[in-house]
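# A structural walkthrough
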Amino acid sequence: MRLLYHYPLSPFSRKVRLALAEKRLPFELRTEKPWERRAEYLDLNPSGEVPTLIEDNGFAVPEAAVICEYLEEAYPDTGLLGETLAERVEVRRLVTWFDSKFALEVTDNLLGEKVLKRLAGRGGADAGALRIGYTALGHHLEYLGWLAENRKWLAGANLSLADLSAAAHLSCLDYVGDVEWKKVPAVREWYARVKSRPSFRPLLAERVPGFAPPAYYPDLDF
Ligand SMILES: N[C@@H](CCC(=O)N[C@@H](CS)C(=O)NCC(=O)O)C(=O)O
């Protein structure tokens, strides 16, 4: 059986789980705590980061971006990058936005400081980092709001990897109660649609010991 090494509150792991589920590719999950730097896991992915996908035949594909490109090439039936060249550029632009810019400016400063740092035993959250993270989140939500108001899905007419990437980051931030949905109704409407897809259900059911999400976190009407 196909296996994904992941961590529940890792946006990069979540993006790959969503992509696998949207492509209807069955897989099992194995939780990996990347901060433990297990030798066996480092053999699979020398960066030590999650996720890593192991195919049925033992073929290892590390790194979320590499896995998503691989899935698109190996299993093209349900395409997540769009059809035309212009669509594919726009999807890749937004995926890069969320997995680089958003991840660095928002996710690392909020989720990284509040959760991953504590799990890794590297102390508590740094107030300066949190301030930077919340300010950046405000700017990013404005941009997401513009996309959600002007397009059906973030990159255009169809659900794409851009939606999965954005929703993966936002769902982790939502788990720690950092998204003020009332302030961004268009983003909330878009997220409600992503959240109600069958691919999202297993993510919403998961809990990390020591970190309880807000009561509305799993609700489709939030
Ligand atoms: N470039 C990597 C990023 C993955 C990543 O940052 N994973 C985080 C969790 S979301 C991680 O494993 N962090 C632990 C560490 O840096 O040691 C990818 O695309 O897979």
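Model, not experiment: these values are computed from the prediction.

## Re the side chain of Thr52
With respect to the helices and strands, the residue Thr52 is situated in strand β3 (residues 52-54). Under the relative-accessibility criterion, Thr52 is labelled buried at 0%. Within the structure, Thr52 has its side chain in polar contact with the side chain of Tyr41 (distance 2.8 Å). Here the side chain of Thr52 touches Asn45 through a polar contact of 3.4 Å, side chain to side chain.

## As for the packing of aromatic side chains
A complete count under the given rule lists 12 aromatic pairs for this structure. With a centroid separation of 5.1 Å and 70 degrees between ring planes, the pair formed by Tyr7 and Trp35 is classed as edge-to-face. With Tyr7 in the loop between β1 (3-6) and α1 (11-22) and Trp35 in the loop between β2 (28-31) and α2 (39-44), the pair connects residues that are 28 residues apart, well separated along the chain. By the ring-pair criterion, three or more aromatic residues cluster together here, those being Trp181, Trp190, Tyr191, Phe200 and Phe222. In this structure, Arg193 packs its charged tip against the face of Trp153, placed 4.5 Å from the ring centre.

## Focus on the packing of helix α4 (residues 85-119) against helix α5 (residues 127-150)
α5 packs onto α4 with a crossing angle of 145 degrees between their chain directions and a minimal axis gap of 8 Å. Note on packing geometry: the crossing formed by α4 with α5 is left-handed. The residues of α5 that touch α4, namely those facing Arg93, Leu94, Trp97, Phe98, Lys101, Phe102, Glu105, Val106, Asn109, Leu110, Glu113 and Lys114, are Ala129, Leu130, Ile132, Gly133, Tyr134, Ala136, Leu137, His140, Tyr143, Leu144 and Leu147. Among the residues making up the contact of α4 with α5, the classes are represented as 15 nonpolar, 3 polar and 5 charged.

## Topic: the sheet that holds β1
Pairing within the open sheet is mixed, and its 4 strands lie in the order β2-β1-β3-β4. Single-partner strands in this sheet number two, and they are β2 and β4 (60-62). Mean inter-strand twist for the sheet, computed between neighbouring axes without regard to direction, equals 20 degrees. Of the pairings in the sheet, the one linking β3 to β4 comprises 3 bridges and is antiparallel in character. Bridging across to β4, Leu53 finds its partner in Val61. This element, α1, spans β1, β2 and β3 of the sheet and lies at about 160 degrees to β1.

## What to know about the pairing of β2
One ladder, built from 4 bridges, connects β1 with β2; its direction is parallel. By the bridge assignment, Tyr5 is partnered in β2 with Arg30. Crossover handedness for the path β1 to α1 to β2: right-handed.

## What to know about the site of the ligand
Ser10, Pro11, Phe12, Pro34, Glu49, Val50, Pro51, Glu63, Ala64 and Ala65 make up every residue found near the ligand. Backbone polar atom of Val50 to an oxygen atom of the ligand: 3.0 Å apart, as the coordinates give it. Relative to its free-state accessible area of 510 Å², the ligand is covered by the protein chains to the extent of 72%. Here the ligand is seated within the largest pocket. A class-by-class count of the residues in the shell around the ligand yields 7 nonpolar, 1 polar and 2 charged.

## Regarding the packing of α1 against α4
Between α1 and α4, the least distance of the axes is 11 Å, while the angle of their chain directions is 140 degrees. Judged by the angle between their axes, α1 and α4 are oblique. Contact with α1, carried on its side by Pro11, Phe12 and Lys15, involves Val95, Asp99, Ala103, Thr107 and Leu111 of α4 and no other residues of that element. Split by residue class, the contact of α1 with α4 holds 5 nonpolar, 1 polar and 2 charged.

Procedures and definitions
- Residues numbered from 1 in each chain as written.
- Predicted model: local features only at pLDDT ≥ 70, side-chain atom pairs only at ≥ 80, totals over all residues.
- Heavy atoms only, no water.
- Helix = DSSP H or I, 4+ residues; strand = E, 2+ residues; numbered from the N terminus.
- Buried < 20%, exposed > 50% of the residue type's maximum accessible area, 1.4 Å probe, protein only.
- Polar contact = N/O pair within 3.5 Å; in protein donor to acceptor, adjacent residues only side chain to side chain.
- Phe/Tyr/Trp six-rings, centres within 6.5 Å; stacked < 30°, edge-to-face > 60°.
- Lys NZ or Arg CZ within 6 Å of the ring centre and 35° of its normal.
- Axes fitted to C-alpha atoms, helices over the stretch in contact; angles between N-to-C directions.
- Left-handed = near helix turned anticlockwise from the far one by under 90°.
- Contact = heavy atoms within 4.5 Å.
- Nonpolar A, V, L, I, M, F, W, Y, C, P; charged D, E, K, R; others polar.
- Pairing = 2+ DSSP bridges.
- Right-handed = clockwise from strand over helix to strand, strands pointing away.
- Near = heavy atom within 4 Å.
- Areas by Shrake-Rupley, 256 points an atom, 1.4 Å probe, with all protein chains shown as cover.
- 1 Å grid on protein atoms, 1.4 Å probe; cavity = no way out; pocket = protein on both sides within 12 Å on 5 of 7 lines; lining within 4 Å.
- Sits in = over half its atoms within 2 Å of the grid points.
- Parallel < 35°, antiparallel > 145°, perpendicular 65-115°, else oblique.

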